[in-house]
Amino acid sequence: MLNCIDNSGASLVECVMVVGQKKHASIGDRIVAVVQKQRNAQAAGMSGLSAATKVKRGDIRHAVVVRTKQKVQRRDGSVVRFDDNACVLINKAGDPVGTRVNGIVGQELRLKKWSKILSMAPMQA
């Protein structure tokens, strides 16, 4: 289970498959996810229903992992670990579904060429 940190309308998603590789996903890996819980648009303070109608509960979407609880070793020797597992929903072409990212994302996205997600994020760690 991962938190969805964009404004696509999903709150909680479940990973069903890592696309094209190993059994565990790391930061920057593309996964296939099922939306388990929808975000309440009124509680988030958004006006209108445009953000909530992008994804519904039960939708199968691609996503990119942006934070993991598992420690990640960087090339400079530092180790980074986040408080939760989080992702950003994307479409098949690799463009983000939402228009904003709420929260910190890992710098490993830069190495894996996810620059659109990095530019939407308020901070990188």
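- With an unreviewed UniProt entry as reference, the protein chain is termed Large ribosomal subunit protein uL14m, source organism Lasiosphaeria ovina.

1. Comments concerning the layout of surface pockets
- What the largest pocket holds in volume is close to 250 Å³.
- Lining the largest pocket are 14 residues; nearest its centre among them are Leu2, His24, Ala25, Thr68 and Asn85.
- If you list the elements that add at least two residues to the lining of the largest pocket, you get β2 (10-18) and β4 (60-67).
- The residue inventory of the lining of the largest pocket, partitioned by class, reads seven nonpolar, four polar and three charged.

2. Here's the deal with the environment of Glu14
- Within the secondary structure, Glu14 is located in strand β2.
- Separated by 17 residues in sequence, Glu14 and Ile31 have C-alpha atoms that sit 9.7 Å apart.
- One polar contact links Glu14 to Gln36, side chain to side chain, over a distance of 3.0 Å.

3. Some thoughts on the pattern of salt bridges
- Enumeration over the complete set of coordinates arrives at four salt bridges.
- Between Asp84 and Arg67 there is a salt bridge whose closest N-O contact spans 2.9 Å. Of the two residues, Asp84 is situated in the loop between β6 (79-80) and β7 (86-90) and Arg67 in strand β4; the sequence distance between them amounts to 17 residues. In this pair, the class of Asp84 matches that of Arg67, namely buried.
- We note a salt bridge from Glu108 to Arg74, for which the minimum N-O separation is 2.7 Å. One end of the pair, Glu108, is in helix α1 (residues 108-111); the other, Arg74, is in the loop between β5 (72-73) and β6, and 34 residues separate them in sequence.

4. Details of the pairing of strand β3 (residues 30-38)
- Where β2 and β3 come together, seven bridges link them in antiparallel fashion. Note that in β3 the partner of Leu12 across the bridge is Lys37.
- The sheet contact formed by β3 and β4 spans five bridges and is antiparallel. Counted as the bridge partner of Ile31 is Ala63 from β4.

Cut-offs and rules
Residue indices begin from 1 for each chain and proceed along its sequence in written order. Since the coordinates come from a predicted model, pLDDT governs what is reported: local features require at least 70, and pairs of side-chain atoms require 80 or more to be given and counted, while whole-chain, interface and lining totals use all residues. Values reported for side chains reflect all heavy atoms of the structure, with hydrogen atoms and water molecules removed beforehand. With a 1 Å grid spanning the protein atoms alone, the term cavity applies to any set of points in which a 1.4 Å probe fits but cannot get out, the term pocket to an open set with protein on both sides within 12 Å along at least five of seven lines, and the term lining residue to any residue with an atom within 4 Å of a point. Grid points are joined across faces, edges and corners, and a volume is the space filled by probe spheres set on the points. Under the DSSP-based scheme used, a helix requires at least four consecutive residues in state H or I and a strand at least two consecutive residues in state E, with every element numbered from the N terminus. Residues are grouped as follows: Ala, Val, Leu, Ile, Met, Phe, Trp, Tyr, Cys and Pro are nonpolar; Asp, Glu, Lys and Arg are charged; every other residue, Gly included, is polar. What qualifies as a polar contact is a pair of N or O atoms within 3.5 Å, subject to a donor-acceptor requirement within protein and to the restriction that residues adjacent in sequence count only when both atoms come from side chains. Take a side-chain nitrogen of Lys or Arg and a carboxyl oxygen of Asp or Glu: if they are within 4 Å of each other, that pair is a salt bridge. Exposure categories follow from relative accessible area, calculated using a 1.4 Å probe and restricted to protein chains: below 20% of the type maximum is buried, above 50% is exposed, and the middle band is partly exposed. Note on pairing: two strands pair once DSSP finds at least 2 bridges between them.

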